[in-house]
Every structure is written in C-alpha cells, then in structure tokens.
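# Structure assessment
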Amino acid sequence: MRGLRRATGPSPARAAAVARLPRASALQRLVLAAFQLAQPTPLDDEMLERLDEFARYAPSTIRKRRSELFQAGWLVAVGEGRNSRGWRMTRWGLRLRS
C-alpha cells in the first residue's frame, strides 16, 4: 500500500485507502502497481505502455486505465516531458491520500 497513502496518516485514512482498492479492476491495480514501483519517478503514458507487464495490451487500453485512475483521484499530473517522438506528454504520479 506504499504510495497510496501517507505512511504517518491516521489509521482511518489507511482503512479508507484499503477499502477503495477492491473497486479497481485487475488491470487498474496493475497500473497502480506500476506507479508504485516507479516512485518517485513520474510516468507518462508512453513510459507506462512500454512496461513488460503491459506488452499484451493495446496502448489505448493502458491509457484508458490510467485515465480512469486519474478520474477516480488515484493519480495526479506532476509535470510534463517529451515522448520518443518529441511530443509533450503529461507525467503522472500517485496521489498521496490522508
């Protein structure tokens, strides 16, 4: 659960973080795990799509799951970078929950 909540947060906050996790689909949990492993480095969609665990999925599938996690409040935009084609892309990180 590291990264999904503040380590020093009160136990009700920890319980809330744990309670929300089962609502995520298996693929959403995989995307969250990728962000946890990458911490503190933010990821853009292209970086995420290139991870080995997502090799069997279409890039649009991974982008959609990342978008859903952003809409649900699990991820935040933390900056901007350039992808392999030189396009600007938003970099995403886990939202710390209290």
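A short tour of the structure in this document, coming up. (Residues numbered from 1 in each chain as written. Predicted model: local features only at pLDDT ≥ 70, side-chain atom pairs only at ≥ 80, totals over all residues. Heavy atoms only, no water.)

Helix and strand counts for the protein chain stand at 4 helices and 2 strands. Moving toward the C terminus, one meets the helices and strands of the protein chain in the order α-α-α-α-β-β. Taking all 98 residues of the protein chain together, 36% fall into the buried category. Pairs at least 24 apart in sequence give 50% of the contacts found in the protein chain among residues at least 6 apart. When the accessible surface of the protein chain is summed, it comes to about 6,000 Å², and 52% of that surface belongs to carbon and sulfur atoms. (Helix = DSSP H or I, 4+ residues; strand = E, 2+ residues; numbered from the N terminus. Buried < 20%, exposed > 50% of the residue type's maximum accessible area, 1.4 Å probe, protein only. Contact = heavy atoms within 4.5 Å. Areas by Shrake-Rupley, 256 points an atom, 1.4 Å probe, with all protein chains shown as cover.)

That bond from Gln39 to Pro40 is cis: its omega, 5°, falls within 30 degrees of zero. Considering the arrangement of structural elements, one finds Pro40 in the loop between α2 (26–38) and α3 (45–49).

Right, let's talk about the environment of Glu46 for a bit. With respect to the helices, strands and loops of the structure, Glu46 is situated in helix α3. Along the backbone, Glu46 and Ser84 are 38 residues apart, and their C-alpha atoms lie at a distance of 8.3 Å. The residues contacting Glu46, other than those within four sequence positions of it, are Asn83, Ser84, Arg85 and Met89.

In contact at an axis separation of 9 Å, α2 and helix α4 (residues 59–71) are set at 80° when each is read in the N-to-C sense. As judged from the angle between their axes, α2 and α4 are roughly perpendicular. Counting all contacts with α2, which are made through Leu27, Gln28, Val31, Leu32 and Phe35, the residues of α4 involved are Thr61, Ile62, Arg65, Arg66, Glu68 and Leu69. Split into classes, the residues belonging to the contact of α2 with α4 amount to 6 nonpolar, 2 polar and 3 charged. (Axes fitted to C-alpha atoms, helices over the stretch in contact; angles between N-to-C directions. Parallel < 35°, antiparallel > 145°, perpendicular 65-115°, else oblique. Nonpolar A, V, L, I, M, F, W, Y, C, P; charged D, E, K, R; others polar.)

Residue placement: Gln28 occurs in helix α2. Residue Gln28 is classed as buried on the basis of its relative accessible area of 13%.

Val31, Phe35, Leu48, Phe54 and Leu69 are the most contacted members of the largest nonpolar core, which totals 15 residues. Elements represented by at least two residues in this core include exactly α2, α4 and β2 (88–94). Examining the composition of this core, we find that 6 residues originate from one element, α2, more than from any other. (Core = buried A, V, L, I, M, F, W, Y, C linked by side-chain atoms within 4.5 Å.)

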